[in-house]
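Summary of the model geometry
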Amino acid sequence: MITVFGATGTTGAPLVEALLARGARVRAVTSDPAKIAPLEARGCEAVIARFDAPETLARACEGAERIYLVTPAHQDMRRWKADTIAAAQAAGVRHVVLATGLGASPKARLTFGRWHSETQECLRQSGLEWTFIQPTYFMQNLLWQAGAIARDGVYHDDLGGPVAWIDARDIAEVAAEALTGPGHAGKAYGLTGPEALGGAEIAEILSDVTGRPVRCVPLAAQDAKAAMMANGMAEEVAAAMVELASIAPKGYLAGIETTVSDVLGRPARRFRDFVAEHRDAFVG
Ligand SMILES: NC(=O)c1ccc[n+]([C@@H]2O[C@H](COP(=O)([O-])OP(=O)(O)OC[C@H]3O[C@@H](n4cnc5c(N)ncnc54)[C@H](OP(=O)(O)O)[C@@H]3O)[C@@H](O)[C@H]2O)c1
């Protein structure tokens, strides 16, 4: 049995699909009772557990040999993951595939890098087998502004530099391989897409694919932070997000990793193909 936390989320939902396609027995975890029936309809077991109610985590881990552990970007995510690792340990789970982020290191200067590193160390110390999934920016983040792109023909660039965006489905497929294939314990998988793109190139791709002009308009850090907080994000997390974006102009988010093709034996998905597949969202 493989337990997938965050099973309805950006990486968890395609991971459930990928695991079922591989014939694995899957237990999907959600905090929302309304999502149980749709998850069961996909062919997996579904349970309710909440990271902020640690006593609910044991049931999610019970009888599982492996787990995928992801939480939303949240100010409490280190505690949430530590509690889940403790529950996994108590339940006799063998291997945890942990979603963190590119650049997670004890020496990281960025908040997210340090937060993710702390969780990686917690898992290492647990004695459980581990695999770290360390992605860069998700292409799916572009969908957050699909409405504005469709309505105003504007792509708001809060990065200001080239970024090697990755499709979350590639993250999910690497995680599925780590959860079902041999030889992935003790590996840290830095994951990027196949190319680094700046704001002007993204606007050009959006224009080409939608057949409508899309302009790139830079978004200042304080405006990006205010927009995230207006969407309900805690100030501490929004600050960490803009801090991460601030290294893009220096080229630090542009490095290309070959992990997707190394692990899956096929190239990582391209940005243009992602936009084409989601064209309807960008046209409105
Ligand atoms: N976005 C990026 O570009 C990016 C880049 C690098 C790293 N990351 C990292 O990736 C992680 C986010 O991954 P993701 O996008 O796959 O996650 P996500 O979609 O943000 O969240 C996963 C799921 O967590 C569940 N959830 C929310 N609150 C919960 C709670 N209290 N208890 C239990 N479950 C809860 C939600 O599902 P239910 O409603 O079904 O409970 C949600 O669908 C973060 O750690 C972030 O730092 C993100």
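Described in the following lines is the structure provided in the data block. (Residues numbered from 1 in each chain as written. Predicted model: local features only at pLDDT ≥ 70, side-chain atom pairs only at ≥ 80, totals over all residues.)

1. Considerations on the pairing of strand β2 (residues 26-30)
Along a regular strand, successive side chains alternate from one face of the sheet to the other. What counts here: Using C-beta atoms placed from the backbone, we call a residue buried if 20 or more other C-beta atoms fall within 10 Å of its own, exposed if 12 or fewer do, and partly exposed for counts in between. The helix and strand labels rest on DSSP assignments: H or I over at least four residues marks a helix, E over at least two residues marks a strand, and numbering proceeds from the N terminus. Here, strands pair whenever DSSP counts at least two bridges between them. Every crossover in which the path from the first strand over the helix to the second runs clockwise, viewed with the strands pointing away from the viewer, is termed right-handed.
For β2, the tally of buried residues reaches five of five residues, placing the bulk of the element in the interior. Burial along β2 is two-sided: Val26, Ala28 and Thr30 facing one way and Arg27 and Val29 facing the other are all buried. Examined bridge by bridge, strand β1 (residues 2-4) and β2 share three bridges and lie parallel to one another. Its bridge partner being in β2, threonine 3 is matched across the sheet by arginine 27. As for the winding sense of the linkage, the β-α-β connection from β1 through helix α1 (residues 12-21) to β2 is right-handed. Where β2 lies against strand β3 (residues 45-48), four bridges are found, and the strand directions are parallel. Counterpart to alanine 28 in the pairing with β3 is alanine 46. Handedness of the β-α-β unit built from β2, helix α2 (residues 36-41) and β3 comes out right-handed.

2. Remarks on α1
For clarity, the cut-off: With C-beta atoms placed from the backbone, a contact is any residue pair whose C-beta atoms sit within 7 Å.
The complete set of buried residues in α1 reads Gly12, Pro14, Leu15, Val16, Ala18 and Leu19. Each element contacted by the buried residues of α1 is listed here: β1, β2, β4 (66-69) and α7 (168-180).

3. Here's the deal with the site of the ligand
This is how the line gets drawn: Nearness is defined per residue: the C-beta atom, placed using the backbone, must lie within 6 Å of the molecule or strand. Each residue gets one label: Ala, Val, Leu, Ile, Met, Phe, Trp, Tyr, Cys and Pro are nonpolar, Asp, Glu, Lys and Arg are charged, and the others, such as Gly, are polar.
Residues in close proximity to the ligand total 25 residues, the closest being Gly6, Gly9, Thr10, Thr30 and Ser31. Looking at the shell around the ligand residue by residue, the classes come out as 10 nonpolar, 11 polar and four charged.

4. Some details on the nonpolar core
Inclusion rule: In plain words, the nonpolar core is the set of buried Ala, Val, Leu, Ile, Met, Phe, Trp, Tyr and Cys residues that C-beta atoms within 7 Å link up.
Within the largest apolar cluster, 83 residues are counted, with the highest numbers of intra-cluster contacts made by Val4, Ile67, Tyr68, Val96, Ile133 and Ala175. A per-element tally of this core places α7 first, with eight residues. Those residues in contact with tyrosine 68 that lie beyond four places of it in its chain are Val4, Phe5, Gly12, Leu15, Val97, Ala175 and Leu179.

5. Observations concerning the pairing of strand β7 (residues 154-157)
Here β7 shows a clear split, with Tyr155 and Asp157 buried on one side and none of Val154 and His156 buried on the other. Where β7 lies against strand β9 (residues 215-218), four bridges are found, and the strand directions are parallel. Bridged to histidine 156 within β9 is valine 217.

6. Remarks on the environment of leucine 102
Note on placement: leucine 102 falls in the loop between β5 (95-99) and α5 (111-126). Along the sequence, leucine 102 and serine 117 sit 15 residues apart, while their C-alpha atoms lie 10 Å from each other. Aside from chain neighbours lying at most four places away, what touches leucine 102 is Gln134, Pro135, Thr136 and Gly190.

7. Brief notes about the environment of leucine 123
Structurally, leucine 123 is set in helix α5. Sequence separation between leucine 123 and aspartate 52 is 71 residues, and the spatial gap between their C-alpha atoms is 19 Å. Those residues in contact with leucine 123 that lie beyond four places of it in its chain are Ile85, Val96, Leu98, Leu128 and Trp130.

8. Considering the packing of α1 against α7
Operational definition: For helices, the fitted line uses only the C-alpha atoms of the stretch in contact; every axis is such a line through C-alpha atoms, and the angle between N-to-C directions lies from 0 to 180 degrees. Oblique is the label for every angle not falling under 35 degrees (roughly parallel), over 145 degrees (roughly antiparallel), or within 65 to 115 degrees (roughly perpendicular). When the near helix sits turned anticlockwise from the far one by under a right angle, the crossing is termed left-handed; a clockwise turn instead gives a right-handed crossing.
Two numbers describe how α1 lies on α7: the axes approach to 8 Å, and their chain directions differ by 45°. When the axis of α1 is compared with that of α7, the two are oblique. α7 is crossed by α1, and the crossing has right-handed handedness. Touching Pro14, Leu15, Ala18 and Leu19 of α1 are Ala168, Arg169, Ala172, Glu173, Ala175, Ala176, Leu179 and Thr180, all from α7. The residue inventory of the contact of α1 with α7, partitioned by class, reads nine nonpolar, one polar and two charged.

9. Notes on the sheet that holds β3
Here seven strands make up an open sheet; going across it, the order is β3-β2-β1-β4-β5-β6-β8 and the pairing parallel. The two strands at the open ends of the sheet, each matched to only one other strand, are β3 and β8 (187-191). Within the sheet, the average angular offset between the axes of one strand and its neighbour, ignoring direction, is 15°. Along the sheet face, α7 touches β1, β4, β5, β6 (129-135) and β8 and points at about 170° away from the line of β6.

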